[in-house]
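# Notes for the structure review
Residues per chain, in single letters:
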Amino acid sequence: MELLINIFVNGLATGMLIFLLAAGLTLIFGLMDVLNFAHGGLFVWGAFAAVWTYTATDSFMLAILGALLTGVVLGFVTEKLIIAPVYGNHVQQILITLGFMLVLTEMIKVVFGPNQLAAGVPSYLAGSFEIGDVILIKYRLFIIVTGFVVFALIQFILKRTKIGLIVRAGVLNKDMVQALGIHIKKVFLYTFIAGAALAAFGGALMAPYSGVVYAEMGLEFGILAFIVVVIGGMGSLPGSLFAAILVGLAGSFMAYYVPDLSLAVNMILMAIVLIFRPQGLFAARG
Amino acid sequence: MAKALSLHNGVYLIIALALIIFPFVTESRTWTILLTQIFIFAILAMSYDLLLGYTGIVSFGHAMFFGIGAYSTGIFLKSFEPTLLYFILSIACGMVLAAIVSFFVGILTLRLKSHYFAMLTLALSGLFLVAAEKWRTLTYGNDGFTFRAPEIFQDRLVFYLVALGCLLASFVFLKRFVSSPMGRVLISLRENESRTASLGFKTLHYKVIASVAAGVIASLAGSLYAISLRFVNTSVMTMDITLDALLMTIIGGVGTLIGPILGAGVIELAQHYLSGLARENPIFERWIILFGILYILAVIFFPRGIAGGIQSLYLKLRGKKVGVHRSLKKRVVKS
Amino acid sequence: MANLLEMRNVHTYIGEYHILQGVDFTASAGQVSVLLGRNGAGKTTTLKTIMGLHPAKSGTILFEGKPIEKLSTHKIARSGLGYVPEDQGIFSTLTVEENIRVAMRDQSDATAKRINYVLELFPDLKKFWKKNGGNLSGGQKQMLSMARAFIQDSRLLLIDEPSKGLAPVVIGKVIEAIHELKKQSTIVLVEQNFRMASKVGDTFTLIDDGRTVHTGEMGYLIENEEMKRKYLGIG
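Because the structure is predicted, anything quoted here is derived from the model rather than measured. (Residues numbered from 1 in each chain as written. Chains lettered and ligands numbered in written order. Predicted model: local features only at pLDDT ≥ 70, side-chain atom pairs only at ≥ 80, totals over all residues. Heavy atoms only, no water.)

With that settled, consider the overall build of chain B. Along its length, chain B carries 15 helices and 2 strands. A globule of 335 residues ought to have a C-alpha radius of gyration of about 20 Å, and chain B, at 20 Å, matches this closely. With the C-alpha coordinates aligned to their principal axes, the bounding extent of chain B is approximately 55 × 50 × 40 Å. The long-range share in chain B, meaning contacts at least 24 apart out of those at least 6 apart in sequence, stands at 79%. Considering chain B, the positive charge centre built from 29 side chains and the negative charge centre built from 14 side chains are found 17 Å apart. (Helix = DSSP H or I, 4+ residues; strand = E, 2+ residues; numbered from the N terminus. Rg over C-alpha atoms; globule rule 2.2 N^0.38 Å. Contact = heavy atoms within 4.5 Å. Lys, Arg positive; Asp, Glu negative; His and termini not counted. Charge placed at Lys NZ, Arg CZ, Asp CG, Glu CD.)

This is the structure in structure tokens:
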């Protein structure tokens, strides 16, 4: 029983980290119709920025702030330089963002050195709770709670604020939003920056969870986030949450019971969804 | 037009001859090996160009066909005798396997829109990678295995000529393929898929044929690659191979066939020299940044890459008005 | 009467297709001007060009004397044009209230007054206030779309084929609504249904193959059987 709970908590925590990445990705796709293959690069920059800040200041809060700031700056630059020239052309978007992903990954090695960095858990989140025989690692619980809080926060912004309303309307019909006098390009930029900040935040939380950060984890997690977005339905936030948890749990259970298949399970899940229901489980449009 | 064409062919012929003579006049083993490597990747990049440049689809799974070729040759030569016959059989086997796989993958994936297609090809090639890692009795997983190449390839020069021959054959084949009526349909697919469909062409049918052709040629490149290393491991199935093909195609010039060859040359050479320089200053280990930036600039500003640049320079020198390729025009409008 | 909107020799391309090949059009303040023409003549493109959704390649478009053809869509909208597209452009998974809220530019009393005005004009909207836009009937969607454009204090409303797909009874209601809105705002109407056009229009402009071929008082067209046959295929 305690084993099952541990596997479950582990999977849920991984799922939540993927969700933080996927949330930005799915919103950007839903609103801007842009598929950002460089999203994982923003994630890994967040992770490194957080580890660097944490090492320098010993403050987890500052580390997260550092990651968010990195995400905002990189998000701004990426939207202006990389995304804006290729609006409306999917093939070019795929090509250019993939190229930018390579550049972001290599730049990590230039700025932070080519080796992986060790990341520590702040003392107040280290350790675990013991309830009977069940051991719950604090940091994992922290990630799970944070994930749900972020989900609730995004939902609140989308449902209860004017900017959220405009984003939801923009997902449905961009032209009409503009014809109602709204500067949609500006909304695009804000959404993109918010998505980038979320990715960087995910990276910051990921670092202490995995214990080390390395440049290539951007591509790894970027692909996972894509898988989640595709399974959940591009543009659907609840879909991404559901799919992220699904992918997290599937990975965690498979790693224990059928380790040979654990690498393949996500790919198989996505392939099945794409073949039988390409719009994803929760289609945002139509 | 006919004159221009024969001029083109003349230039190609001269370059081909120069490449054939090259190893006989130079003693440099390094150059022979380096050029062989370039030929192999040029074949891979050309096959990718058939998809990206002529059909307008972005595949993230091209490495699986390269890997199929590499493993076929590796496993054949390890399990049976390292003779020329088995080498040829292994190439044929790889091509047939690649054709079968690309046919089914194509049917499954090509119905989807561009980014779903990209993701599904990524997933399927990911599954091939996992299979290569887990089926250790056959592939020895990530550790890989060495094998002996046929006796005749002990001479680097022979293998150089074989690789060059394969490159020339692939080039001629693809050139004919894209200028056939079939190729015209593919190009019109890239320009406007729905219009092509409304003209009564079965677009899926044509795309599947293109992806089979691309898969088969990528498999050939994989077979040659395996021989050149006398070693195969899972790296032949990784995303890195697809990324290499992508970089070479984009930087060299999409939709030109000659571009990917140039791209392969430029990238392999630069990689060779820059990693040499890296011994002095580690910043050169990050050569991919330079190519990443070049690549991004190419996507936005020079969609026809080096080959397109040379072409318009040539036309300018001849005092002709530079003809803007239609795909270029469209991209400019869109950006 | 002052020309509120004036288009002169406007050309528009969609991709490589040359759709508008010289459209001249004026809308006088306080009137309902109707754009007529066959399917594919370029009427919808004309409205989209005015709104900047398919920007003009050449020619001028003046609104209240100021050129707007180079402005982006949101600026055109903010300069005082409201757009009711052919498919109504309702945000289907947003409620009626949210559809209205997207269009609200401020919380001022003036806006509140205009909202009250349209809700009285279209009581159905009030009734289905919390219902999703996608679940409304065709007529109700039309009302919502007009309401959305109107509450922005638009001095010119561009309405694209409001009668399309509606039952005759509902068309009657739309005609009433246009008569009512006309008291507050100038209207440009694209209409295939000539009976409706003739009932609400003051002036007409005939577009054929992307060019303006005729313009005049609606009464003139009603009488002119040959013109109707030639350009509209009716009569």
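Before going further, it helps to examine the overall build of chain A. When you go through chain A residue by residue, the secondary structure sums to 12 helices and 4 strands. Here chain A has a C-alpha radius of gyration of 19 Å; the compact-globule value for 286 residues is 19 Å, and the two agree. For the C-alpha atoms alone, the extent of chain A along its principal axes is close to 60 × 45 × 35 Å. Here chain A holds 286 residues, and 60% of them are scored as buried. Within chain A, residue pairs in contact and separated by at least 24 positions form 76% of the contacts whose partners lie at least 6 positions apart. Here chain A has roughly 10700 Å² of accessible surface; of this, 70% comes from carbon and sulfur atoms. Positive and negative charge centroids in chain A, built from 13 and 11 side chains respectively, lie 19 Å apart. (Buried < 20%, exposed > 50% of the residue type's maximum accessible area, 1.4 Å probe, protein only. Areas by Shrake-Rupley, 256 points an atom, 1.4 Å probe, with all protein chains shown as cover.)

Throughout the structure, instances matching the rule amount to 30 aromatic pairs over all chains. An angle of 70° between the planes, with centres 6.2 Å apart, marks the rings of F22(B) and W31(B) as edge-to-face. For F22(B), a relative accessible area of 24% translates into the label partly exposed. Aromatic ring contacts, followed pair by pair, group Y54(A), F60(A), Y139(A) and F142(A) into a single cluster. Directly above the aromatic system of F150(C) lies the positively charged group of R114(C), at a separation of 4.5 Å from the ring centroid. (Phe/Tyr/Trp six-rings, centres within 6.5 Å; stacked < 30°, edge-to-face > 60°. Lys NZ or Arg CZ within 6 Å of the ring centre and 35° of its normal.)

This paragraph deals with the sheet that holds strand β9 (residues 203-208) of chain C. By way of backbone hydrogen bonds, the strands of a sheet pair with one another, either parallel or antiparallel. Residue and element names in this part refer to chain C. Strand order in the open sheet formed by 6 strands is β6-β7-β8-β3-β9-β10, with mixed pairing between adjacent strands. Of all strands in the sheet, those with a lone pairing partner are β6 (81-84) and β10 (211-217), marking the two edges. Ignoring strand direction, the axes of neighbouring strands in this sheet form an average angle of 15°. Direction of pairing for strand β7 (residues 156-160) relative to strand β8 (residues 186-190): parallel, over a ladder of 5 bridges. (Pairing = 2+ DSSP bridges. Axes fitted to C-alpha atoms, helices over the stretch in contact; angles between N-to-C directions.)

All names here are of chain A. The N-to-C vectors of helix α10 (residues 237-257) and helix α12 (residues 265-276) enclose an angle of 140°; their axes lie 9 Å apart at closest approach. Classed by the angle they form, the pair α10 and α12 counts as oblique. Where α10 crosses over α12, the two elements pack in a sense that is right-handed. Here α10 contributes L246, V247, A250, G251 and M254 to the contact with α12, which in turn contributes V265, N266 and L269. (Parallel < 35°, antiparallel > 145°, perpendicular 65-115°, else oblique. Left-handed = near helix turned anticlockwise from the far one by under 90°.)

This paragraph deals with the interface of chain A and chain B. Listed per partner, the contact involves 41 residues of chain A and 39 residues of chain B. Note on chain A versus chain B: buried area summed over both sides is about 3600 Å², and carbon and sulfur give 81% of it. Between chain A and chain B we count 2 residue pairs in polar contact (both at pLDDT 80 or more) in total. Per element, the largest residue contribution to the side of chain A that touches chain B is 15 residues, and it comes from helix α4 (residues 90-112) of chain A. (Buried area = accessible area lost by both parts, 1.4 Å probe. Polar contact = N/O pair within 3.5 Å; in protein donor to acceptor, adjacent residues only side chain to side chain.)

In the numbering adopted here, UniProt assigns the feature "transmembrane region" (unreviewed entry) to residues 12-30, 37-54, 60-82, 94-112, 139-158, 187-207 and 264-284 of chain A. This span, residues 12-30 of chain A, is 100% helix and 0% strand, and a straight line between its end C-alpha atoms measures 25 Å. (UniProt positions renumbered as here; feature names shortened; annotations may be inferred.)

Another aspect to go through is a nonpolar patch on the surface. Residues and elements named next belong to chain A. Taken together, M1, L3, L4, Y256, Y257, V258, L261, I268, I272 and F276 make up a surface patch of nonpolar side chains, about 1000 Å² in accessible area. When contributions to the nonpolar patch are tallied by element, the ones reaching two or more residues are α1 (2-32), α10 and α12. When residues in the nonpolar patch are grouped by element, the largest group, 3 residues, is from α12. Mapped onto the elements of the fold, Y256 is located in helix α10. Among the residues examined, Y256 registers a relative accessible area of 46% and is labelled partly exposed. (Patch = residues over 30% accessible without salt bridge, like charges linked within 9 Å, V, L, I, M, F, W, Y side chains within 5 Å. Salt bridge = Lys/Arg side-chain N within 4 Å of Asp/Glu carboxyl O.)

The subject of this paragraph is helix α5 (residues 114-134) of chain B. The end-to-end C-alpha separation of α5(B) is 30 Å, in line with the 30 Å expected for 21 residues at 1.5 Å each. Most of α5(B) sits out of view: 15 of its 21 residues are buried. (Expected span 1.5 Å × (residues − 1).)

Residue and element names in this part refer to chain B. At a minimum axis distance of 10 Å, the contact between helix α3 (residues 63-79) and α5 shows a crossing angle of 25°. Between α3 and α5, the crossing angle belongs to the class labelled roughly parallel. Residues M64, I68 and Y71 of α3 form the contact with α5, whose participating residues are T121, L124, S125, F128 and A132. For the contact of α3 with α5, the class distribution of residues is 6 nonpolar, 2 polar and no charged. (Nonpolar A, V, L, I, M, F, W, Y, C, P; charged D, E, K, R; others polar.)

For the rest of this paragraph, the subject is unusual backbone geometry. One non-glycine residue with positive phi stands out, namely R230(B), at about 55°. Position of R230(B) relative to the elements: it lies in the loop between α10 (203-229) and β2 (231-232). Notably, N9(C) is not glycine yet its phi reads approximately 45°, a positive angle. Among the secondary structure elements, N9(C) is positioned in strand β1 (residues 3-14).

Residues and elements named next belong to chain A. Within the structure shown, the criterion is met by 12 salt bridges over all chains. Two residues, K109 and E216, come together in a salt bridge whose shortest N-O distance is 3.0 Å. Residue K109 is located in helix α4, and its partner E216 is located in the loop between β4 (212-213) and α9 (217-232); the two are separated by 107 residues in the primary sequence. Overall, the relative accessible area of 38% leaves E216 in the partly exposed class.

We now examine the sheet that holds β1(C). Residue and element names in this part refer to chain C. Within the open sheet, the 4 strands sit side by side as β2-β1-β4-β5. Their pairing is antiparallel. Of all strands in the sheet, those with a lone pairing partner are β2 (17-28) and β5 (66-67), marking the two edges. Alignment of β1 against strand β4 (residues 58-63), held across 5 bridges, turns out to be antiparallel. Bridging from a neighbouring strand, M7 pairs with I61 of β4. Against the sheet, helix α1 (residues 43-51) engages β1, β2 and β4, with an angle of about 105° to β1.

So, about the side chain of Q88(C). All names here are of chain C. Tracing the backbone through its elements, the reader meets Q88 in the loop between β6 and α3 (96-103). What makes Q88 buried here is its relative accessible area of 11%. Of note is the side chain of Q88, whose polar atom sits 3.1 Å from the side chain of Q142. Contact partners of Q88, with chain neighbours within four places excluded, come to K141, Q142, S145 and R148.

The subject of this paragraph is the side chain of S163(C). Residues and elements named next belong to chain C. Position of S163 relative to the elements: it lies in the loop between β7 and α7 (168-182). Residue S163 is classed as buried on the basis of its relative accessible area of 6%. Within the local environment of S163, its side chain forms a polar contact with the side chain of E191, the two groups lying 2.6 Å apart. If we skip the residues at most four places from it in the chain, S163 touches I171, E191, N193 and M196.

Before going further, it helps to spend a moment on helix α8 (residues 181-191) of chain B. Every α-helix carries 3.6 residues per turn, so stepping three or four residues along brings you back to the same face. The buried fraction of α8(B) is high, at 8 of 11 residues. Regarding α8(B), the residues found buried are M182(B), G183(B), V185(B), L186(B), I187(B), L189(B), R190(B) and E191(B).

All names here are of chain C. Summarising the sheet, β1 and β2 pair through 9 bridges and their orientation is antiparallel. Looking at the pairing, I14 lines up with Y17 of β2. Adjacent in sequence and paired antiparallel, β1 and β2 are bridged by 2 residues, among which G15 carries a positive phi angle near 60°.

Turning to the environment of V230(A), a few remarks are in order. As for its position among the elements, V230(A) is in helix α9. Given the relative accessible area of 0%, V230(A) is considered buried. The sequence separation of V230(A) and F282(A) amounts to 52 residues, and the corresponding C-alpha distance is 9.6 Å. In this structure, V230(A) is in contact with M270(A), V273(A), L274(A), G280(A) and M119(B), ignoring residues within four places of it in sequence.

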